[in-house]
Amino acid sequence: MNIHKIANHLNNLGEQGHTGFQFDCYPIDGDVEVLQVNIVGREEIPLFVSVTGNQILCISYLWGENEVKQARRSEMFETMLELNIPMPLSSFAKIDDKYVVYGALSLQSSMQEIEQELSVLSDNCLEVIDELSDFLN
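What counts, and where the lines are drawn
- Residues numbered from 1 in each chain as written.
- Predicted model: local features only at pLDDT ≥ 70, side-chain atom pairs only at ≥ 80, totals over all residues.
- Heavy atoms only, no water.
- Pairing = 2+ DSSP bridges.
- Helix = DSSP H or I, 4+ residues; strand = E, 2+ residues; numbered from the N terminus.
- Axes fitted to C-alpha atoms, helices over the stretch in contact; angles between N-to-C directions.
- Contact = heavy atoms within 4.5 Å.
- Buried < 20%, exposed > 50% of the residue type's maximum accessible area, 1.4 Å probe, protein only.
- Arc of directions from axis to C-beta.
- Polar contact = N/O pair within 3.5 Å; in protein donor to acceptor, adjacent residues only side chain to side chain.

A. Local environment of the sheet that holds strand E1 (residues 23–28). Strand order across the open sheet formed by 6 strands is E1-E2-E3-E4-E6-E5, with antiparallel pairing between neighbours. The open sheet has two edge strands with one neighbour each: E1 and strand E5 (91–95). Strand-to-strand twist of the sheet, defined as the mean angle between neighbouring strand axes without regard to direction, takes the value 30 degrees. Across 8 bridges, strand E4 (residues 56–64) lies against strand E6 (residues 98–105) in antiparallel orientation. When the bridges of E6 are listed, Tyr61 appears paired with Val100. Contacting E4, E5 and E6, helix H2 (residues 73–84) runs over the sheet at an angle of about 140 degrees to E5. Together, E1, strand E2 (34–39), strand E3 (47–51), E4, E5 and E6 form the strand contacts of helix H3 (residues 111–132), whose direction differs from that of E4 by roughly 15 degrees.

Set out below in structure tokens:
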């Protein structure tokens, strides 16, 4: 499994996918191969896919530390912990000063499972932004 195979599959789905979404994918050059996945109509929340030796990692960046109301930061963390379990296929993390939602898949995952994970991750991002907007500047 590699990002080019994933990109080709998602880009060629058109309206034939199982999720009802259309995807626009392209690789990003760098030390680590990363695929940027845009869901048509949701381009403001791109997803990033990388393939490691043991997993397929899907990440979406939510907001930066500088966007958090510092007086409500602890309350935001508590809310994130409460949302973590009921949020299917996704979890919260922080990379440097950015908050993210991520999901991981097995290297043996089917293309349909990858499509599903990306769709759910995108849905979760929209829900998280809506639920946690009161904690942001």
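B. Seen up close, the environment of Phe77. On the secondary structure map, Phe77 appears in helix H2. Linking Phe77 and Leu132, residues 55 residues apart in sequence, is a C-alpha distance of 9.9 Å.

C. Expanded view of helix H1 (residues 3–13). Every buried residue of H1 is accounted for by Ile3, Ile6, Ala7, Leu10 and Leu13. Each buried residue of H1 sits inside an arc of 130 degrees when the element is viewed along its axis, so together they form one side. Of the surrounding secondary structure, the elements contacted by the buried residues of H1 are E1, E2, E3, E4 and H3. Between a side-chain oxygen at the N-terminus of H1 and the backbone nitrogen of His4 the separation is 2.9 Å; the capping residue is Asn2. Gly14 sits one or two positions beyond H1 and adopts a positive phi of about 60 degrees.

D. Region of the structure containing the pairing of E5. Bridge count for E5 against E6 is 5 bridges, and the pairing is antiparallel. Note on E6: the bridge partner recorded for Phe92 is Val101. In this structure, the hairpin formed by E5 and E6 is closed by a connection of 2 residues, where Asp96 is found at a positive phi of approximately 55 degrees.

E. Focus on unusual backbone geometry. Residues other than glycine seldom take positive phi values, yet Leu89 does so here, at roughly 65 degrees. Here Leu89 is to be found in the loop between H2 and E5. A positive phi angle, close to 55 degrees, is found at Asp96, a residue other than glycine. As for its position among the elements, Asp96 is in the loop between E5 and E6.

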